[in-house]
Amino acid sequence: QTLDSYLNASKTSKITLIEVNPVVVEAERIMYKRNNPVDNPRVKLIIGDGYEFLASTNESYDLIVLDVSNPLAVESSYIYTQEFINIAKSHLKDKGLIAWWNFYIRKLLYDRINYGTLRSVFPYVNLNHAEYSVFYFASESPFFIELSAKDIEQMDAFEKQPFLVNRISKPLLF
């Protein structure tokens, strides 16, 4: 749904989609019998690991969207680390943005760790809660995302504490 929503909202001419699980791609093809977003000519599909892809490409992006599963899932846990965020940052164009979706675990500690990990790399970070999701946005440049008073209050509280940073060498979420 993330790809479909972005294709409908954006005039971007090229989207690189990295999917680690080929079953997800096949499920998309079954779910969207017509107008399958994965088969859209603007989409370059790569079956592989997002971490490995970004670590090995020379491409730069205006936007990197991370739509990964729960940070406690072994196959995606390293995506939630400072090391990966540094790699992703190195592939952002000037004024580029990372948009990171996460299933809302409803634990303040997870939000604090994810926020702190992003803030250890980026000067501008916002988080935005929805009913079953939390969205994190990060950039080197200021940007505007409408936030609730509760989210602003939570970020202010995080800023007043030492950042908890998830690292491969010192995991906090695994």
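Rules and cut-offs
Residues numbered from 1 in each chain as written. Predicted model: local features only at pLDDT ≥ 70, side-chain atom pairs only at ≥ 80, totals over all residues. Heavy atoms only, no water. Helix = DSSP H or I, 4+ residues; strand = E, 2+ residues; numbered from the N terminus. Rg over C-alpha atoms; globule rule 2.2 N^0.38 Å. Buried < 20%, exposed > 50% of the residue type's maximum accessible area, 1.4 Å probe, protein only. Contact = heavy atoms within 4.5 Å. Areas by Shrake-Rupley, 256 points an atom, 1.4 Å probe, with all protein chains shown as cover. Pairing = 2+ DSSP bridges. Axes fitted to C-alpha atoms, helices over the stretch in contact; angles between N-to-C directions. Phe/Tyr/Trp six-rings, centres within 6.5 Å; stacked < 30°, edge-to-face > 60°. Right-handed = clockwise from strand over helix to strand, strands pointing away. Polar contact = N/O pair within 3.5 Å; in protein donor to acceptor, adjacent residues only side chain to side chain.

**Thoughts on the overall build of the chain**
Of the regular secondary structure elements, the chain holds six helices and six strands. Relative to a compact globule of 174 residues, whose C-alpha radius of gyration would be 16 Å, the chain shows 16 Å and is just as compact. Summarising its shape, the C-alpha atoms of the chain cover approximately 50 × 35 × 30 Å along the three principal directions. Taken across its 174 residues, the chain has 42% of its residues classed as buried. Here the contacts in the chain between residues at least 6 apart in sequence split such that 66% fall between residues at least 24 apart. On the chain, roughly 10100 Å² of surface is accessible, and the fraction owed to carbon and sulfur atoms is 54%.

**Re the sheet that holds strand β5 (residues 124-129)**
The strand order β3-β4-β6-β5 describes an open sheet built from four strands, whose pairing is mixed. The outermost strands of the open sheet, each flanked by one partner alone, are β3 (61-67) and β5. Geometrically, the sheet is characterised by an average inter-axis angle of 15° between neighbouring strands, direction not taken into account. Of the pairings in the sheet, the one linking β5 to strand β6 (residues 133-139) comprises six bridges and is antiparallel in character. Looking at β6, one finds that L127 is bridged to Y136. In the packing of helix α4 (residues 82-89) onto the sheet, the strands contacted are β3 and β4 (92-103), and the crossing angle to β4 comes to about 140°.

**Comments concerning the packing of aromatic side chains**
Going through the model one piece at a time under the given rule, you end up with five aromatic pairs. On the basis of an interplanar angle of 45° and a centroid distance of 5.3 Å, the ring pair of W100 and Y136 is categorised as tilted. Placement of W100 in strand β4 and of Y136 in strand β6 is noted, with a sequence separation of 36 residues between them. Residue W100 is classed as buried on the basis of its relative accessible area of 0%. On the numbers, 5.4 Å between centres and 45° between planes, the contact of Y115 with F158 is tilted. Linking Y115 in helix α5 (residues 108-119) with F158 in helix α6 (residues 149-159), this pair joins segments that are 43 residues apart in sequence.

**Some thoughts on the pairing of β5**
Most of β5 is tucked away: five of the six residues are buried. Linking two consecutive strands that pair antiparallel, namely β5 and β6, is a turn of three residues.

**Description of the pairing of strand β1 (residues 15-19)**
Each regular strand displays side chains that alternate between the two surfaces of the sheet. The pairing of β1 with strand β2 (residues 43-47) spans five bridges and is parallel. The partner of L17 across the bridge, within β2, is L45. Note that the unit made of β1, helix α2 (residues 22-31) and β2 has a crossover that is right-handed.

**A look at the side chain of N166**
Tracing the chain through its elements places N166 in the segment after α6. A relative accessible area of 0% means that N166 is categorised as buried. Polar contacts involving the side chain of N166 include one to the main-chain carbonyl oxygen of Y80, which spans 2.9 Å.

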